[in-house]
Amino acid sequence: SLIAGAGAVGGVGTGAGNGGAGGAGGAGVLTLSADLTGSLALTAGAGSNGGAAGAGNGNGGAGGAGGAATASIEGDISSTISLTDGVDGVAGATGTGTVGALGAGGATTVNFTGAAAQVITGAVTTNGDGEGTLVANNTTAATSDLTFSSTIGTSSKALLLFTQTDGNVEFDGDVFI
């Protein structure tokens with residue numbers, strides 16, 4: 001499992017003073033050059049809440065963005081891949097000043113970068129509809145450089161994006177994007 005950090009809460013505006021922006025969550029990065037016997041789970045960090053507006057002219061600070069979770073896979077995966085994007089925070093509470101903007105949730109991305117043919121045996125699942133990105137960048141130049149043996153997403157929890165930058169991809173199951 002790879003888990004990225006959550007963003008920090010934006011500061012509260014006080015009187016005429018503005019609240020500071022919350023810090024961004026740390027990114028999670030994984031490069032796996034061997035086959036993975038088991039499952040891969042990526043969880044991006046949650047965005048944080050914006051700071052409350054002050055009673056005076058003070059503005060709330062923006063919430064920090066959640067960290068991204070990114071994996072580069074060079075081998076096979078013998079089981080499932082689970083992708084969970086971070087949730088967005090909420091804007092700060094109202095006051096006389098301007099509310100702090102919400103922090104955006106982090107994104108999950110898996111890059112397939114093998115120099116030999118790769119096989120992903122299990123399903124690729126997402127925690128919610130429109131989450132996760134897969135990037136096919138396998139340089140083997142074989143008939144099937146990257147094979148997905150099972151489904152990608154479901155009709156109610158589809159993948160956000162699939163990008164093919166290099167290589168031939170074979171889908172043996174349904175693909176929901």
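Per chain, the residues get numbers from 1 upward, laid out in the order the sequence is written. Under the rules for a predicted model, residues below a pLDDT of 70 receive no local features and side-chain atom pairs below 80 are neither given nor counted, while totals for whole chains, interfaces and linings still include all residues. Working from all heavy atoms in the structure, the side-chain values ignore hydrogens and water.

Trainee: Give me the lowdown on the overall build of the protein, citing residues and values where you can.
Mentor: Secondary structure assignment for the protein yields 0 helices and 12 strands. When the elements of the protein are put in sequence order from the N terminus, they spell out β-β-β-β-β-β-β-β-β-β-β-β. Put simply, the radius of gyration uses C-alpha atoms, and a globule should come to 2.2 Å times the residue count raised to 0.38. What you see for the protein is a C-alpha radius of gyration of 20 Å, clearly larger than the 16 Å of a compact globule of 177 residues, by over 25%. Principal-axis analysis of the C-alpha atoms gives the protein an extent of 65 × 30 × 25 Å. For helices the rule is a DSSP run of H or I covering at least 4 residues; for strands it is a run of E covering at least 2, with both sets numbered from the N terminus onward.

Trainee: Which residues make up the nonpolar core, and what values go with them?
Mentor: To define a nonpolar core, start from buried Ala, Val, Leu, Ile, Met, Phe, Trp, Tyr and Cys residues and group those joined through side-chain atoms within 4.5 Å. Exposure is judged per residue with a 1.4 Å probe applied to protein chains only, and the accessible area is read against the type maximum: over 50% gives exposed, under 20% gives buried, and values in between give partly exposed. With 21 residues, the main nonpolar core has Leu42, Ile81, Leu83, Val110, Phe112, Leu134 and Phe148 as its most contacted residues. Going through the elements one at a time, strand 3 (40–43), strand 4 (69–73), strand 5 (81–84), strand 6 (108–112), strand 9 (131–137), strand 10 (146–148) and strand 11 (159–166) are the ones with two or more residues in this core. Sorting elements by how many residues they give to this core places strand 4 first, with 3 residues.

Trainee: So, the sheet that holds strand 1 (residues 2–3): which residues are in play, and what are the values?
Mentor: Strand pairing is assigned whenever DSSP identifies at least 2 bridges connecting the two strands. Pairing within the open sheet is parallel, and its 4 strands lie in the order 1-3-5-8. Whereas interior strands pair on both sides, the edge strands pair on one side only; in this sheet they are strand 1 and strand 8 (124–126). Bridge count for strand 1 against strand 3 is 2 bridges, and the pairing is parallel. Of the residues in strand 3, the one forming a bridge with leucine 2 is leucine 42.

Trainee: Which residues make up the pairing of strand 9, and what are the values?
Mentor: Counting buried residues along strand 9, 6 of its 7 residues qualify, which places the element largely inside the surrounding structure. The pairing of strand 6 with strand 9 spans 4 bridges and is parallel. When the sheet's bridge partners are listed, asparagine 111 is paired in strand 9 with valine 135. Alignment of strand 9 against strand 11, held across 6 bridges, turns out to be parallel. Within strand 11, the residue paired with threonine 133 across the bridge is leucine 161.

Trainee: Let's hear about the environment of glycine 56: which residues, and what values?
Mentor: Along the chain, glycine 56 falls in the loop between strand 3 and strand 4. Separated by 39 residues in the primary sequence, glycine 56 and glycine 95 place their C-alpha atoms 7.8 Å from one another. Should any heavy atoms of two residues lie within 4.5 Å, those residues are considered in contact. Aside from chain neighbours lying at most four places away, what touches glycine 56 is Gly15, Thr96 and Gly97.

Trainee: With reference to specific residues and values, describe the packing of aromatic side chains.
Mentor: Two rings belonging to Phe, Tyr or Trp (six-membered ring only in the last case) form a pair when the distance between their centres is within 6.5 Å. Interplanar angles under 30 degrees mark stacking, angles over 60 mark edge-to-face geometry, and anything in between is tilted. Evaluation of the coordinates by the stated rule reveals 4 aromatic pairs. Here the aromatic rings of phenylalanine 112 and phenylalanine 148 are separated by 5.5 Å at their centres, their planes lie at 90°, and the arrangement is edge-to-face. Remark: phenylalanine 148 occurs in strand 10 and phenylalanine 112 occurs in strand 6; sequence separation between them is 36 residues. Among the residues examined, phenylalanine 112 registers a relative accessible area of 0% and is labelled buried.

Purely geometric stuff here, so don't read any function into it on its own.
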